[in-house]
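Observations on chain architecture
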Amino acid sequence: MATVPLRRILSTYHWVQQKLTSAMLDDAARAGAEGVEVFCAAYHFNYRSPESVRELGDWFTGHALKLHSLHAPTSRESSPGRESGAPVSISELERGRRLDSVDEVKRALEVAEKAPFEVLVLHVGTSRDESDPRRWDAAFTSLEHLVLFARQRGVTIALENTPGELATPANLRHFLEDTRLPGLRLCFDSGHAHIEPGALQGMETMRGLAITTHLHDNHCEKDEHLLPFAGTIEWEKLLKAMPAELPAVIELREQASKPLTPDAIRAAFDALEKARDNS
């Protein structure tokens, strides 16, 4: 039986195609979240804009809802649609593009100077990248600098398992164990792990190194970002394997056929906690 309350965090990825507003943060609070993870897409939240960062910090100063984490940018874009810009990749083989990506991640980390947060979730590369030793060397070079830059701002970087050959749970664990970069940790993504190698196996591989999560469901075919229990993940088994202190960060995709309500998200948090405590 779990002895700690479920830490309920909601990602703003659900609204990534829209500009982040105080009404969205209010909806997160109504959904029972104690904190949020803000997705750094320039059209959604312009992490490069001092005014936008100041407004975000001011909002959290006056509310009980906390800024738990930021998701680092995955592309340099300024319009709706995450695939519309050049990818941000710390494992980019071309040095100039890699340095540009590192600078982009640093801009996101600088948000902590005005709006403090605990964790920056970061992708190693793209889903199309092969697990090439040269890419891991490039990632190490990038992270040597970024981990220190983050620590100076009170932030821990957590590498997320993503679809594809590169950032699998096993590869990420091996990378952390081999490099021993101080303070670098992992973000367990249930939906990505469910596609391959399996959500339970992914958690077992990443356990002990994960400090945060992305919890969402799918039918083991594509990255649907559904509410927990709306796909085929065996949540009872997964939650039994998941350390109770890990925050439950629900990361959903907007569903045109069935818009999500704060009540539906609150019910998902409740179902996760019930399944965890009964497992």
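Provided above is the structure to which this section pertains.
Residues numbered from 1 in each chain as written. Predicted model: local features only at pLDDT ≥ 70, side-chain atom pairs only at ≥ 80, totals over all residues. Heavy atoms only, no water.

Turning next to the overall build of the protein chain. For the protein chain, the count of helices and strands is nine helices and ten strands. Taken along the three principal axes of its C-alpha coordinates, the protein chain extends 50 × 40 × 35 Å. Looking at the protein chain as a whole, 53% of its 279 residues qualify as buried. Taking as baseline every contact in the protein chain between residues at least 6 positions apart, the subset at least 24 positions apart corresponds to 76%. Carbon and sulfur atoms provide 48% of the accessible area of the protein chain, an area that totals close to 12,400 Å². Taking the average location of the 32 positive side-chain charges in the protein chain and that of its 42 negative ones, the two points are 3 Å from each other. (Helix = DSSP H or I, 4+ residues; strand = E, 2+ residues; numbered from the N terminus. Buried < 20%, exposed > 50% of the residue type's maximum accessible area, 1.4 Å probe, protein only. Contact = heavy atoms within 4.5 Å. Areas by Shrake-Rupley, 256 points an atom, 1.4 Å probe, with all protein chains shown as cover. Lys, Arg positive; Asp, Glu negative; His and termini not counted. Charge placed at Lys NZ, Arg CZ, Asp CG, Glu CD.)

The next thing to look at is the sheet that holds strand β8 (residues 185-189). Strand order in the open sheet formed by eight strands is β9-β8-β7-β6-β3-β2-β1-β10, and the pairing between neighbours is parallel. On the outer flanks of this sheet lie β9 (210-214) and β10 (248-250), each paired with one strand and no other. Adjacent strand axes in the sheet meet at a mean angle of 30 degrees, parallel and antiparallel pairs treated alike. Pairing of strand β1 (residues 8-11) with strand β2 (residues 35-39), which is carried by three bridges, proceeds in the parallel orientation. Paired with Leu 10 across the bridge in β2 is Val 36. (Pairing = 2+ DSSP bridges. Axes fitted to C-alpha atoms, helices over the stretch in contact; angles between N-to-C directions.)

Before going further, it helps to spend a moment on the pairing of β8. Within β8, four of the five residues are buried, which leaves it mostly tucked inside the rest of the structure. One ladder, built from three bridges, connects strand β7 (residues 156-160) with β8; its direction is parallel. Its bridge partner being in β8, Glu 160 is matched across the sheet by Cys 187. Following the chain from β7 across helix α5 (residues 169-179) to the adjacent parallel β8, one finds a crossover that is right-handed. In terms of strand pairing, β8 meets β9 through four bridges, oriented parallel. By the bridge assignment for β9, Asp 189 is matched with His 214. (Right-handed = clockwise from strand over helix to strand, strands pointing away.)

With that settled, consider the packing of aromatic side chains. Counting across every chain of the model gives four aromatic pairs. When the ring of Trp 136 is compared with that of Phe 175, the centres are 5.2 Å apart and the planes differ by 35 degrees; the resulting orientation is tilted. Taken as a pair, Trp 136 in helix α4 (residues 133-151) and Phe 175 in helix α5 lie far apart in primary sequence, 39 residues in all. Each ring, one from Phe 229 and one from Trp 235, has its centre 5.8 Å from the other, and the planes form 40 degrees; the classification is tilted. According to the relative accessible area criterion, Phe 229 is partly exposed, its value standing at 35%. In this structure, Lys 19 packs its charged tip against the face of Tyr 43, placed 4.4 Å from the ring centre. (Phe/Tyr/Trp six-rings, centres within 6.5 Å; stacked < 30°, edge-to-face > 60°. Lys NZ or Arg CZ within 6 Å of the ring centre and 35° of its normal.)

Before going further, it helps to examine α4. Compared with the 27 Å implied by 1.5 Å per residue over 19 residues, the 26 Å span of α4 between its first and last C-alpha is a close match. Remark: the principal bend of α4, roughly 30 degrees, maps to Leu 143. Of all the positions in α4, only Arg 135, Trp 136, Ala 138, Ala 139, Ser 142, Leu 143, Leu 146, Val 147, Phe 149 and Ala 150 are classed as buried. On its buried face, α4 sits against α3 (95-109), β6 (119-122), β7 and α5. (Expected span 1.5 Å × (residues − 1). Bend = angle between axes of the 7 residues up to and from the residue.)

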